Amino acid sequence: MSKKKVAILISGRGSNMEALIKACQDATFPASIELVISNKKEAYGLEIAQSYGIQTESLNRKNFQNDHEFDSKISAILKENNIEIICTAGYMKILTKDFVESWHNQIINIHPSLLPDYKGLNTHKRVLDDGVQLAGCTTHIVESELDSGQILMQATVPVLKDDTEDTLATRVLKMEHIIFPETLKRIATDEFRFDK
Ligand code: GRF
């Protein structure tokens, strides 16, 4: 079986990244993680990736003239490594339109809400403030408009009476770690249909 070559972009803790790496360790999984790139050199996820023997890169935006040059460098690294699928997993930098267009339908993101509700940051706080009963997470194709590309998978969790941001985030994160690898598997095997 030929495996799809995957890169993961991170900025921090890297728990979703680790869930993807673990899934890819299964010999029958149709994708392999070739590379992890962080825009923060202190990202803990870099250490985790290295502990699995995965190649890592960290790039500092301050060393580039603008976002376009920064993303062009990332693109070049991805191409040098023959990457076919990009997973953004807690990557806290908005990708440029050019980058997103040049990797059309090849970038998948995980977002900690039931999109299209609660795009952007602080999702769990907003869910609690609104008093809604259902929270969850979504995997989707990345488009240049934030958190707006085609939805691939979602998982729901109940919001409990005594939930804090932390308890809710923990419950949602558990589901993120399930649907992100499953989404990658389905993307790698061309199981999804895409809007054109
Ligand atoms: C996750 O909740 C993800 O959905 C969001 O940022 C968080 C990253 O966590 N985009 P981790 O770095 O994967 O642990």
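Rules used throughout
- Residues numbered from 1 in each chain as written.
- Predicted model: local features only at pLDDT ≥ 70, side-chain atom pairs only at ≥ 80, totals over all residues.
- Heavy atoms only, no water.
- Core = buried A, V, L, I, M, F, W, Y, C linked by side-chain atoms within 4.5 Å.
- Buried < 20%, exposed > 50% of the residue type's maximum accessible area, 1.4 Å probe, protein only.
- Contact = heavy atoms within 4.5 Å.
- Salt bridge = Lys/Arg side-chain N within 4 Å of Asp/Glu carboxyl O.
- Helix = DSSP H or I, 4+ residues; strand = E, 2+ residues; numbered from the N terminus.
- Near = heavy atom within 4 Å.
- Areas by Shrake-Rupley, 256 points an atom, 1.4 Å probe, with all protein chains shown as cover.
- 1 Å grid on protein atoms, 1.4 Å probe; cavity = no way out; pocket = protein on both sides within 12 Å on 5 of 7 lines; lining within 4 Å.
- Sits in = over half its atoms within 2 Å of the grid points.
- Nonpolar A, V, L, I, M, F, W, Y, C, P; charged D, E, K, R; others polar.

*Asks:* Could you clarify how one ought to interpret the nonpolar core in this entry?
*Replies:* Considering soluble globular proteins, one finds that nonpolar side chains tend to be buried as a cluster. Counting 40 residues, the largest nonpolar core has Ile 8, Ile 33, Val 36 and Leu 184 as the members making the most contacts within it. Among residues more than four places away in sequence, those in contact with Leu 184 are Val 6, Leu 20, Cys 24, Phe 29, Ala 31, Ile 33, Ile 85, Cys 87 and Ile 108. Counting 19 residues, the second largest nonpolar core, distinct from the first, contains Ala 7, Phe 70, Ile 77 and Phe 99.

*Asks:* Whenever I open this one, the pattern of salt bridges confuses me. Can you help?
*Replies:* Side chains that differ in sign of charge can pair as their charged atoms come close. A complete count under the given rule lists six salt bridges for this structure. Asp 67 is the salt-bridge partner of Lys 93, the closest N and O atoms lying 2.9 Å from each other. Within this pair, whereas Lys 93 is found in the loop between β4 (85-88) and α4 (97-102), its partner Asp 67 is found in helix α3 (residues 67-80), the two being separated by 26 residues in sequence. By relative accessible area, Asp 67 is classed as partly exposed at 33%. Here Arg 171 ties to Asp 163 by a salt bridge, and the two come within 2.7 Å at their closest N and O atoms. What you see here is one network of salt bridges that share partners, running through Arg 61, Asp 67 and Lys 93.

*Asks:* I keep staring at helix α1 (residues 15-24) and nothing clicks. Help me out?
*Replies:* Every α-helix winds through 3.6 residues per turn, so residues three or four apart in the chain are directed the same way. Within α1, eight of the 10 residues are buried, which leaves it mostly tucked inside the rest of the structure. Regarding α1, the residues found buried are Ser 15, Asn 16, Met 17, Ala 19, Leu 20, Ile 21, Ala 23 and Cys 24. Those residues of α1 hidden inside the fold are in contact with β1 (4-10), β2 (31-38), α2 (44-51), β4, β5 (107-111) and α6 (165-188).

*Asks:* Can you walk me through the site of the ligand in this structure?
*Replies:* Around the ligand sit Arg 13, Gly 14, Ser 15, Asn 16, Gly 90, Ile 110, His 111, Pro 112 and Glu 176, and that is every residue in its neighbourhood. Look at the ligand: alone it shows 360 Å² of surface, and the protein chains cover 84% of it. Judged by the fraction of its atoms near the pocket grid, the ligand is located in the largest pocket. Counting only elements with at least two residues in the shell around the ligand, the list comes to α1 and β5. When its residues are assigned to classes, the shell around the ligand shows two nonpolar, five polar and two charged.

Keep in mind that these numbers describe shape and distance, not what the molecule does.
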